[in-house]
Amino acid sequence: MGLKEFVTRRIIQIVVLYFAIATMLFFLFRAAPGDPLAAYIGTGFTQEQAAQIRATFGLDQPIHVQYWKYMTNLVTFNFGLSYITGDPVWEIIQTRFWNTLVLMGTSVGLAYLIGVPFGAYLAWNRGTKRERFGVVFALISRSAPVFWTGLLGIWLFSFKLGWLPAGSMSQPGVTYSSKLAQFTSPDFLRHLILPALIQAFYFYSLPALLMRNSMLEVMNEDFVDFAELKGISDFSVMLKHAARNALLPIVTAFAVAAGFAVGGSVVLETVFAWPGLGREMVRAVIANDYPVAQATFLILAGLVLIANFLADLAYGYLDPRITYD
Amino acid sequence: MTDQRSDNRIQRRNFLKKAGGAGATVTLASFAGCAGGDDDGDGEGGDGDTETVASGGSETVQMEGFKVPAESVLPQSELDDAQAIPELSLIVNPPKAQPDDHETSMFVTKEIAKLGLDTTVETMTWPAQSSAVWDGTDWDMTFWQMVGRPSRLDPDEFSVQMGHSSFQEGYNYYFWEDDEYDQKVMAQREELDQAAREQLIKECQQIFHDRGPSTFLMYPNKTIPWNSERWEGVVELNGMGAVNMLTFSNMKPTGDRTELNIAYDQELQALNPFDQSGEIDMIQHRMIWDRLAWPNESALPEPRLAEEFNWKDNTTLEVPIKQGHTFHDGEELTAEDVKYSYDIHRNYSTYFSGPVKPVNEITVVDDYTVEFSFDYHYAPFPMAAMGRIAIIPKHKWTDIIENRMEVENPMLYQEDTPLGSGPMEFVHWNASEEVRLERFDDHFDPIAYEARNSRIIPSVQTMLTQLENGTLDMLANYRGNKDVLQDRVEANDSLSMAATTTVGFKQISYNNDRPPFHIDGFRRAMNHRFDKDTIVNDIYGGWGSIAPNSLVSSALKSWHNDELERHEFSLQAAANELIEAGFVWDESDGMLYMPADNTEL
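Residues numbered from 1 in each chain as written. Chains lettered and ligands numbered in written order. Predicted model: local features only at pLDDT ≥ 70, side-chain atom pairs only at ≥ 80, totals over all residues.

**A short note on the overall build of chain A**
If you tally the helices and strands in chain A, you get 15 helices and 0 strands. Across the 325 residues of chain A, 38% fall into the buried class. Put simply, 73% of the contacts in chain A that link residues at least 6 apart link residues at least 24 apart. (Helix = DSSP H or I, 4+ residues; strand = E, 2+ residues; numbered from the N terminus. Buried ≥ 20, exposed ≤ 12 C-beta atoms within 10 Å, placed from the backbone. Contact = placed C-beta atoms within 7 Å.)

**What to know about the overall build of chain B**
From N to C terminus, chain B includes 17 helices and 26 strands. Within chain B, buried positions represent 53% of all 601 residues. Across chain B, the fraction of contacts at a sequence separation of at least 24, relative to all contacts at a separation of at least 6, is 69%.

**Details of unusual backbone geometry**
B:Pro516 follows B:Pro515 through a cis peptide bond whose omega is 0 degrees. Tracing the sequence through the fold places B:Pro516 in the loop between strand 23 (505-510) and helix 15 (520-527). A positive phi angle is found at A:Ala273, which is not glycine, with a value near 50 degrees. With respect to the secondary-structure elements, A:Ala273 resides in the loop between helix 13 (266-271) and helix 14 (277-286). The class of A:Ala273 is buried, set by 27 C-beta atoms lying within 10 Å. The phi dihedral of B:Phe175 is positive, around 60 degrees, even though this residue is not glycine. Within the secondary structure, B:Phe175 is located in the loop between helix 5 (156-161) and helix 6 (179-190). By the C-beta count within 10 Å, which is 19 here, B:Phe175 ends up partly exposed.

**Points about the nonpolar core**
Generally speaking, a soluble globular protein has its nonpolar side chains buried in company with each other. With 225 residues, the main nonpolar core has A:Met215, B:Leu475 and B:Leu578 as its most contacted residues. Looking at which element gives the most residues to this core, the answer is helix 4 (residues 89-124) of chain A, with 14 residues. Contact partners of B:Leu578, with chain neighbours within four places excluded, come to B:Leu115, B:Gly521, B:Phe522, B:Ala525, B:Phe583 and B:Leu592. (Core = buried A, V, L, I, M, F, W, Y, C linked by C-beta atoms within 7 Å.)

**A short note on the sheet that holds strand 25 (residues 584-586) of chain B**
Spatially, the 3 strands line up as an open sheet ordered 4-25-26 (chain B), and their pairing is mixed. The open sheet has two edge strands, strand 4 (73-74) and strand 26 (592-593) of chain B, and neither has a second partner. (Pairing = 2+ DSSP bridges.)

**Overview of the sheet that holds strand 17 (residues 369-374) of chain B**
Residue and element names in this part refer to chain B. As summarised here, the arrangement of the 4 strands in space is 14-15-17-16, forming an open sheet in which the pairing is antiparallel. The sheet is open, and its two borders are formed by strand 14 (310-313) and strand 16 (359-366), each paired with just one other strand. Each adjacent strand pair in this sheet contributes to an overall mean axis angle of 25 degrees, direction not counted. Summarising the sheet, strand 15 (residues 316-320) and strand 17 pair through 5 bridges and their orientation is antiparallel. Bridging from a neighbouring strand, Val319 pairs with Val370 of strand 17. (Axes fitted to C-alpha atoms, helices over the stretch in contact; angles between N-to-C directions.)

**Here we look at the environment of B:His102**
Residue and element names in this part refer to chain B. With respect to the helices, strands and loops of the structure, His102 is situated in helix 3 (residues 99-113). Owing to 20 C-beta atoms within 10 Å, His102 belongs among the buried residues under this scheme. The spacing of His102 and Pro458 is 356 residues in sequence and 21 Å in space, taken between C-alpha atoms. With sequence-adjacent residues up to four places away left out, His102 is seen in contact with Val92, Asn93, Pro94, Pro95 and Thr123.

**A look at the interface of chain B and chain A**
Accessible area lost upon the coming together of the parts is a frequently used measure of interface size. Contacts between the two partners involve 46 residues from chain B and, on the opposite side, 45 residues from chain A. Going through the elements one at a time, helix 4 (126-135), strand 11 (259-264), strand 18 (424-430), strand 19 (434-439), strand 20 (451-456) and helix 13 (460-468) of chain B are the ones with two or more residues in the side of chain B that touches chain A. Residues belonging to the side of chain B that touches chain A are distributed by class as follows: 13 nonpolar, 23 polar and 10 charged. (Nonpolar A, V, L, I, M, F, W, Y, C, P; charged D, E, K, R; others polar.)

**Description of the confidence of the model for chain B**
Mean pLDDT over chain B: 86, with 89% of residues reaching 70 or higher. Under a pLDDT of 50 for its full length, residues 46-50 of chain B has, in the predicted model, 16 contacts with residues more than four places off or in other chains. (pLDDT = per-residue confidence, 0-100.)

**Description of the packing of helix 4 of chain A against helix 9 (residues 205-218) of chain A**
All names here are of chain A. At their nearest, the axes of helix 4 and helix 9 sit 7 Å apart, and the two run at 35 degrees to each other. Considering how the two elements wind past one another, helix 4 and helix 9 form a crossing that is right-handed. Contacts between helix 4 and helix 9 involve Ala111, Tyr112, Gly115, Val116, Phe118, Gly119, Ala120, Leu122 and Ala123 on the former and, on the latter, Ser205, Leu206, Pro207, Ala208, Leu209, Leu210, Met211, Arg212, Met215 and Leu216. Here the contact of helix 4 with helix 9 is composed, by residue class, of 15 nonpolar, 3 polar and 1 charged. (Left-handed = near helix turned anticlockwise from the far one by under 90°.)

**Structural notes on the packing of helix 12 (residues 248-261) of chain A against helix 15 (residues 290-318) of chain A**
All names here are of chain A. Contact geometry of helix 12 with helix 15 gives a least axis separation of 8 Å together with a crossing angle of 165 degrees. The angle between helix 12 and helix 15 places the two elements in the roughly antiparallel class. Of the two elements, helix 12 crosses helix 15, and the hand of that crossing is right-handed. Mapping the contact onto sequence places Leu248, Val251, Thr252, Ala255, Val256, Ala258, Gly259 and Phe260 in helix 12 and Leu303, Val304, Ala307, Asn308, Leu310, Ala311, Ala314, Tyr315 and Leu318 in helix 15. Each residue belonging to the contact of helix 12 with helix 15 can be placed in one class, and the counts come to 14 nonpolar, 3 polar and no charged. (Parallel < 35°, antiparallel > 145°, perpendicular 65-115°, else oblique.)

**Topic: helix 12 of chain A**
All names here are of chain A. For helix 12, built from 14 residues, the straight-helix expectation of 20 Å at 1.5 Å per residue is met to within 8% by its first-to-last C-alpha distance of 20 Å. Listing the buried residues of helix 12 in full gives Ile250, Phe254, Ala255, Ala257, Ala258, Gly259 and Ala261. Close packing links the buried residues of helix 12 with helix 4, helix 9 and helix 15. (Expected span 1.5 Å × (residues − 1).)

**Let's talk about the pairing of strand 11 of chain B**
Within a regular strand, side chains alternate between the sheet's two faces. Residue and element names in this part refer to chain B. In terms of residue burial, strand 11 counts as a mostly covered element, since 5 of its 6 residues are buried. Note that strand 11 and strand 20 share 6 bridges and pair parallel. For Ala263, the partnering residue across the bridge sits in strand 20 and is Arg455. When strand 11 meets strand 21 (residues 474-475), the two strands line up parallel, connected through 2 bridges. Bridging across to strand 21, Ala263 finds its partner in Leu475.

**A look at the confidence of the model for chain A**
Across chain A, the average pLDDT comes to 85, with 94% of residues at 70 or higher. Mean pLDDT values over the elements of chain A span from 72, in helix 2 (residues 47-56) of chain A, up to 94, in helix 8 (residues 186-203) of chain A.

Shown next, in the form of structure tokens:
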């Protein structure tokens, strides 16, 4: 099977899987207890008025009709209206999606920029105190919950030292003409530093430990010994020969992590008052706001599927020994 | 979900073992000696030695912690299955959402179980609870909370909607009916004399208290911290607390600060003049859209956009409005806008359709006078409707309703730039982040600062840090540990805090349409199983006022009935109510059974 056939087959698989996930989400949310319109229907509404509101959202229709409507709308990426705000779901998600993408993109980027060389360094220094300390430090950072490190960071850098803002994306009252203007403003970047560093502190240990293990395997290979025997400097051997060949599992991990990261971190977004997708997802689930909850999960699922697909492609590209059979 | 059922069963089995140990046949005499009085160490008055037993002078049997007359303890063979009381479940939100409510529920169900009942606590998220209780009938007891809002400063809303039998599809979700209550609560609506109206409201409270369709626990405090070094003019409104329209109308910076930064912990639900579903929406609304009335510091309605309330007769209210006032776009606000605003609530299902139901006609008398005609004298109208209904620009909403609405209800339409005539203009709403309003300079009651930024900060710790480091000026709905808040406010010279009893309440409601709660005596017995001192002072840390069984908070001093006697927390008192109502206990395991002649509705 060639690359073309592989790509076609994987795209078909992704589409089928995506619609299967959409179906599952539809029925799972409807199986959840509670009236999704509880937020609207309440204060002294008559049965007739309540029925009117239900009809507005199409909830008076039989379940198969609702399902058909939902699936056909999905083809055009129409996720419907929020049961809570009445706004189009896409509008609700779009803003938060970009907020999360910038925060998590920065964190993941930082984590891999720091974690990968750090892992290679640990492997290269195997058996030394530096390696032992580095591994323990990585394990501690992976075990420390983000809500704790986040609050600790706020206490230290905002409250005690006053260096960085204690959460939110901007100073109160600031108006930006566009998202781009906001994301490139010094005020936003100042607000981004602390949450991005805290999340990166949690993320970096995964690539670091993966890289260390992968490097240890590669370092036993003959070509590394050969490079050393040729008199190439340690740094060059580590970087150009060992690290480069140890990167394969990191690429896969990066693709999957990037996919998941777009879903946002509820804890990070809550602690830092960051208006992102993770917080919205939890709010929608708790409030039985099905359309928003479904859409956020679908976006997350879609991105994970695509990320995995890209990782598969990258794997084959980076390691010519891998075929698509 | 936490299940106490098995614990209770085990306790009952132990009871039976002890009883059996006194003799091969369980006799009344052996029962009397098998269990000591109040051995649970909770300090509860109820050991049976010091309290009167409703025995009518006959021989008594010592149960676990209370005594009953011998004829109230029957062998299994004399009990009908129909008399058996199934496990009673109390619905409450999960501990993560409402930790104190959940702890209270655990505490209360254990106390209720001591009467010989199986009880359990069932956790549900708010939508699930709302659906189960509001739309369904298959529930026993539910924890319920109502929050204070301006319209609730008049006791009519709670008293009618939560007590009148015609509201059983609404707030009277516990299916309670009392003809005398119905008659009195409707009579107060039509009463012209304030003193007589207050008296009727107090009589309603007495009926509610005596029959106990719900057990009220407390009127919670609203705890608001703010930066008093930078700001002055905070008004502690009776029943509402420091976050109210008077505060934001009166606040003045003490220095050169020109913008007020306030934190809320949850997202704004809507900025729609016909929808005010969330607590956070309330102040934004009143800043953007004027009302005909506002409450004063005594929580009584006062003219706002209206010049006066002129009752021409019992059923006609003439309301002249301020002349020359404009909307934020410069268009003059006239009586046509007022009529249009009220008519929308009469023609569509909105949050405020209820309070305008008694209105049968609205007439524009001239450009600045509008007249309301009612089906009957509707005394609460100034607070219930005029204090709530936003005055909207007819010139904008006519176009929206005719051409722009995707769904046939203006409550579901969100303007890009909400337009009103209030003291502040809308600037931006950054989703989940901030709502910014700026001063409307041409308002008849201008405010002293330039802008108000409502920040959404979901983390209590982050919110508090931002208040301490000066980013924020006030926390509008702090839901964290109040003792921690108090400590941190006391440690910071620039902060102050107000803790005000609200008109809201926490209660446990019974499904009055379901055995055994259909029996008054059973509900009255339940009322004696609430150790409100422990609940309010220990579980809620004293951040509230202990409530008698009254829908009207003690914050509303002229309306609240001070003469209601608190139900004594006592097993014996509860048992006496049950004995009076004909309940019996199974002699083999001490479980409670309904009266044989009253097992159904």
